[in-house]
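Results of the structural survey
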Amino acid sequence: SNTGQSTAAQNPNARYASFIADIAARNHKQAAFTYSGLETTGNSKVDGIVNEVAIQLLRNSVVHGIETPEVRIQRSKLPVGLIHMSLQEQNGQYLLTFEDDGNGIDYKAIADKAVRLGKYTPEQAAQLDKRALIALLFSPGFSTMDKSTMDAGRGVGLDIIKDRVVALGGSVNVASKTHAYTRFSFTLPKRY
């Protein structure tokens, strides 16, 4: 019957879950998606940004964050990576969070790529702190992958997401621990 499909179309979380399952299958990974919070903000502009950020960051989580089952087992993790998204109302604004229990941010890969792009000498790159390296992730056209695959190096990019969020008066925060987790948090004002 078609009843299941119409609910998936109305329910963005079901759509995100199948989006993640498809990317995971193509990348030989296993990922489970959970969602908490608001179904919608009721503001089509904010919902549009939420959806755009979600597509990019959920893809990033699977491609860059979640390790293959073999690597996860070596790291004493469950073979299935966990990706959680939440949208909440907090202090008169929206808080949008994405977290995965994967690799964590690979600061060395970011520094190496910045050197290859000619942004820094190896000596300069070695001096960069984590904040500076995270800022590079949000610079235009930056991807730690050298080749675009079907899933990596595609989409609007973190630079454009950050620009859109900041243009709305929001902010971006990143927290990460090597081989443990990466968490992206965005605040979005309720009124423009």
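Residues numbered from 1 in each chain as written. Predicted model: local features only at pLDDT ≥ 70, side-chain atom pairs only at ≥ 80, totals over all residues. Heavy atoms only, no water.

Once that is clear, we can look at the nonpolar core. Of all hydrophobic cores here, the largest spans 42 residues; its most connected members are Val53, Leu58, Met85, Leu96, Phe98, Phe186 and Leu188. Discounting chain neighbours no more than four positions away, the residues touching Val53 are Leu96, Phe98, Ile161, Val165 and Phe186. (Core = buried A, V, L, I, M, F, W, Y, C linked by side-chain atoms within 4.5 Å. Buried < 20%, exposed > 50% of the residue type's maximum accessible area, 1.4 Å probe, protein only. Contact = heavy atoms within 4.5 Å.)

Here we come to the pattern of salt bridges. Applying the stated criterion across every chain yields a total of eight salt bridges. Across the pair Arg75 and Glu67 runs a salt bridge, and its minimum N-O distance is 2.9 Å. Here Glu89 ties to Lys190 by a salt bridge, and the two come within 2.3 Å at their closest N and O atoms. Of this pair, Glu89 sits in strand E2 (residues 81-90) while Lys190 sits in the segment after strand E5 (181-189); the two residues are 101 residues apart in sequence, bridging distant segments of the chain. Look at Glu89 and you get partly exposed, because its relative accessible area is 47%. What makes Lys190 partly exposed here is its relative accessible area of 24%. (Salt bridge = Lys/Arg side-chain N within 4 Å of Asp/Glu carboxyl O. Helix = DSSP H or I, 4+ residues; strand = E, 2+ residues; numbered from the N terminus.)

What follows is about the packing of aromatic side chains. Per the counting criterion, the structure on display carries three aromatic pairs. Ring geometry for Phe98 and Phe186: centres 6.3 Å apart, planes at 85°, overall edge-to-face. With Phe98 in strand E3 (residues 93-100) and Phe186 in strand E5, this pair connects stretches of sequence that are 88 residues apart. For Phe98, a relative accessible area of 2% gives the class buried. (Phe/Tyr/Trp six-rings, centres within 6.5 Å; stacked < 30°, edge-to-face > 60°.)

Let us now look at the pairing of E5. Of all the nine residues making up E5, seven are buried; the element is thus mostly covered by neighbouring parts of the structure. The pairing of E3 with E5 spans eight bridges and is antiparallel. Each residue of the ladder has a partner; that of Glu99, found in E5, is Arg183. As judged from the seven bridges shared by strand E4 (residues 171-177) and E5, these two strands associate in the antiparallel manner. Looking across to E5, one finds that Val172 is bridged to Phe186. (Pairing = 2+ DSSP bridges.)

Two elements in contact, helix H3 (residues 44-65) and helix H8 (residues 157-167), have axes separated by 11 Å at closest approach and are oriented at 150°. Viewed along their axes, H3 and H8 adopt a mutual orientation that is roughly antiparallel. The handedness of the crossing between H3 and H8 comes out as left-handed. For the pair H3 and H8, contact is made by Ile49, Glu52, Val53, Gln56, Leu57 and Asn60 and by Gly157, Leu158, Ile161, Arg164 and Val165, respectively. Among the residues making up the contact of H3 with H8, the classes are represented as six nonpolar, three polar and two charged. (Axes fitted to C-alpha atoms, helices over the stretch in contact; angles between N-to-C directions. Parallel < 35°, antiparallel > 145°, perpendicular 65-115°, else oblique. Left-handed = near helix turned anticlockwise from the far one by under 90°. Nonpolar A, V, L, I, M, F, W, Y, C, P; charged D, E, K, R; others polar.)

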